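# A look at the structure
Chain residues, written in single-letter form:
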Amino acid sequence: MTMSEPRTGSPADTSAPPLLEVDGLMVDFNTDQGWANIVDNATFRLDRGTTLGLVGESGSGKSVTSLAVMGLLPKSVGRVRSGSIRLDGTELTGLSERRMEDIRGDTMAMIFQEPATSLNPAFTVGDQIAEMVRRHRGVNRRLAWDRAIEVLGEVGIPNARSRAKAYPHEFSGGMRQRVMIAMAISCEPRLLIADEPTTALDVTIQAQVLALLDRLVRDHDMAMLLITHDLGVIAQVSDEALVMYAGQIVERALVSELYQLPRHPYSEGLLVSMPQIAPRTSARLASIPGSPPMPWQQPSGCRFHPRCPYALERCRHDEAILVQLSETRSSRCLRVDELDLGRGGNE
Amino acid sequence: MVKLVLRRLSGAIPLLFIISIITFSLVLMIPGDPALTIAGDSASEQTLAAIRERLGENDPILTRYFAWIGDVLWLDFGSSLFSETSVTSAIWQRLPVTLSLAVVALVISLLISLPAGLIAGLNSGTIFDRLLTIGASMGVAIPSFWLGLLLSVVFAVNNDWLPAIGYVSIAESPVEWFKHMLLPAFSLGLASSATLTRQLRSSVITTMQQDYIRTARAKGLRGRKVVFKHLLKNASVPAVTSLGLQIPILLSGTVIIEGLFSLNGIGNYAVSAVLLQDLPVVQAVVLLSAVVVVVTNLAVDISYAYLNPKTRLQ
């Protein structure tokens, strides 16, 4: 994915109650090394009609955050230690599994990374959509099947009426992801969570699927939480971005702001490591050295300091906290006021 | 789907033909002279020659094969070398006994293994799972004849709860039929249930980790719908394979169990025929067993097409 012009646009009116409000979310996982903290104090809100991008490398906690919202953390492995998740005014943490089942697929729906394995190979795609419609709408088989055909058509599956009777293996990768999207919107959810929806797809298909998601969010006035490691994806469809690193939110910004002027060295690293079409200034692609820490061996001080080109001695000791810089921006950098970021490691 | 069934069926026919040739070749492979077996050591050369002529032993081997297969196609397996009775009617008489035993054993083993495999797989790592896994390992290890003896002693000899020997036709008295079947069928089916439990447990565990199970939960489906629709249809593919393999094992197990519980079934019939070198009977039993195995494999193949639509492709 190449870098494209960041979308301009601002979040909806912030005075209205947000659709999704996550506050101080702590998620722990049971690893070989004992219980380890995976998501540390995540706080964010998502308004109706907007798209929030959640960006970071693998292992940054972005997918776990979304699974926690969906109540889909693998039992016996993951748990929400504390914090609150409010969806449309309903507190989700502590809800019974039965109540969560009523909400999942109805008020919120999710699209996964691998359309090839996320659809059940043993049932037709129409059946897999219709059963969800019947579950939440309580309609009969006939109406549910009609609804399945309708949404398949809406996401651009040609000959939806006959294709509904096909099995997942009879579709291409891009079409399978469209089927997943059709399924997710079949009950008109207010929140759509898309976890790396384009990562497994061909580059040419990626843009189509993103455009489709963007259109659906606008047409149905949904809110979308878009999880990706690819800032190019965020640029195309998101209004606001959260950058996560090692389980923490390290920067929050409007997408346009983030592209113009990152306020955290990790965001800068992500930006400069994106491939550009523009004139090649250096021979090789920049990258962030090293890899994210394991959850059970988080570094002291700022969690990014071992990989940060700007790290000073105090970054090793002082804990970095998320500091609000303006109404739309926050950064978790101890040197946020001293650094002039945006060029990649050249102070 | 219909095309697939026809294709598989047409594949089974040459296979059965080859099996019939091998079965017939038993004549050539079994040591000893049937005429001598029938007439005894003291018989005169003329008597033996007469018997050989009657059995058609002087004809060329191909002629004899076609004569035999021609009859077999009409379900005529000839007559026993000794009793002169029709092998077909003897088998027909004994079939209900063996069939009852095998079917009840299969039902018992499914009644045990389906819930046990599902519970163990869905609760893997818990105490339930450990206990069921240990139980299954023991079930595999216990020989059926030992279990049969033990059950007879406990339920029939020391206590008068169930009959230890004999067979009552289901038409005569379904209750008595069931009582007579219970001990032998349980002895026969336990090992199968243990194998199936272990197979189902492991395929449930693998299937639970699949992305489409997470999708089904993300759709808000009720837990039982996720398990009984999305999980079970996929997890049953390896279990059905295992089940298909159990059926011939159950059938061969009837040989021992019928002897142990004095059931006059095909297993017993086959054992005495082998001991007496009663060739037409042995041939009939071997061919029948082969047909059962081929049909079972056919059924397993066809069930794959239902369970996994991908295999419906060429």
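Residues numbered from 1 in each chain as written. Chains lettered and ligands numbered in written order. Predicted model: local features only at pLDDT ≥ 70, side-chain atom pairs only at ≥ 80, totals over all residues. Heavy atoms only, no water.

By secondary structure assignment, the location of L6 of chain B is in helix α1 (residues 2–24). For the pair L6 of chain B and D129 of chain B, spaced 123 residues apart in sequence, the C-alpha to C-alpha distance is 42 Å. (Helix = DSSP H or I, 4+ residues; strand = E, 2+ residues; numbered from the N terminus.)

Let us look at the sheet that holds strand β2 (residues 34–46) of chain A. Residue and element names in this part refer to chain A. The sheet built from four strands is open, its strands ordered β2-β1-β4-β5 with antiparallel pairing. Each edge of the sheet is formed by a strand with only one pairing partner; in this case those strands are β2 and β5 (90–91). Here strand β4 (residues 78–87) pairs with β5 via two bridges, running antiparallel. Following the sheet pairing, R86 is matched in β5 by E91. Along the sheet face, helix α1 (residues 62–70) touches β1 (20–31), β2 and β4 and points at about 110° away from the line of β1. (Pairing = 2+ DSSP bridges. Contact = heavy atoms within 4.5 Å. Axes fitted to C-alpha atoms, helices over the stretch in contact; angles between N-to-C directions.)

Now for the packing of aromatic side chains. Overall, the coordinates contain eight aromatic pairs over all chains when judged by the stated rule. Between the aromatic rings of F24 of chain B and Y65 of chain B, the centroid separation amounts to 5.5 Å while the plane-to-plane angle is 70°, which identifies the pairing as edge-to-face. Taken as a pair, F24 of chain B in helix α1 and Y65 of chain B in helix α5 (residues 61–73) lie far apart in primary sequence, 41 residues in all. Judged on exposure class, the residue F24 of chain B and its partner Y65 of chain B are both buried. We classify F24 of chain B as buried; its relative accessible area is 7%. If you follow R163 of chain A out to its NZ or CZ, it ends over the ring of F171 of chain A, 4.1 Å from the centre. Against the face of F123 of chain A rests K229 of chain B, its NZ or CZ located 4.8 Å from the ring centre. (Phe/Tyr/Trp six-rings, centres within 6.5 Å; stacked < 30°, edge-to-face > 60°. Buried < 20%, exposed > 50% of the residue type's maximum accessible area, 1.4 Å probe, protein only. Lys NZ or Arg CZ within 6 Å of the ring centre and 35° of its normal.)

So, on to unusual backbone geometry. Here the phi dihedral of N41 of chain A falls at roughly 55°; this positive angle occurs in a residue that is not glycine. Relative to the elements of secondary structure, N41 of chain A occurs in strand β2. If you check the backbone angles, Q277 of chain B has positive phi at about 55° while not being a glycine. Locating Q277 of chain B in the fold gives a position in the loop between α12 (266–276) and α13 (279–307). For Q277 of chain B, a relative accessible area of 31% translates into the label partly exposed.

Quick look at the environment of D59 of chain B now. Tracing the sequence through the fold places D59 of chain B in the loop between α4 (45–55) and α5. Spatially, the C-alpha atom of D59 of chain B lies 40 Å from that of G244 of chain B, the residues being 185 residues apart in sequence.

A separate point is the domain arrangement of chain A. Residues and elements named next belong to chain A. The domain architecture assigned to chain A consists of domain 1 (18–107 + 191–276 + 289–341) and domain 2 (117–188). Opposite the 17 residues of domain 1 that make contact, domain 2 presents 15 residues. Across the interface of domain 1 and domain 2, roughly 1300 Å² is buried in total on both sides, 58% from carbon and sulfur atoms. In this assembly, domain 1 and domain 2 are joined by two salt bridges. The partner of D102 in a salt bridge is R135, with the nearest N and O atoms 2.8 Å apart. Applying the counting criterion to the domain 1 and domain 2 interface returns eight residue pairs in polar contact (both at pLDDT 80 or more). Taken together, the elements giving at least two residues each to the side of domain 1 that touches domain 2 come down to α2 (97–103) and α8 (203–219). A breakdown of the residues in the side of domain 1 that touches domain 2 according to their chemical character gives nine nonpolar, three polar and five charged. (Domains from an automatic or database assignment. Buried area = accessible area lost by both parts, 1.4 Å probe. Salt bridge = Lys/Arg side-chain N within 4 Å of Asp/Glu carboxyl O. Polar contact = N/O pair within 3.5 Å; in protein donor to acceptor, adjacent residues only side chain to side chain. Nonpolar A, V, L, I, M, F, W, Y, C, P; charged D, E, K, R; others polar.)

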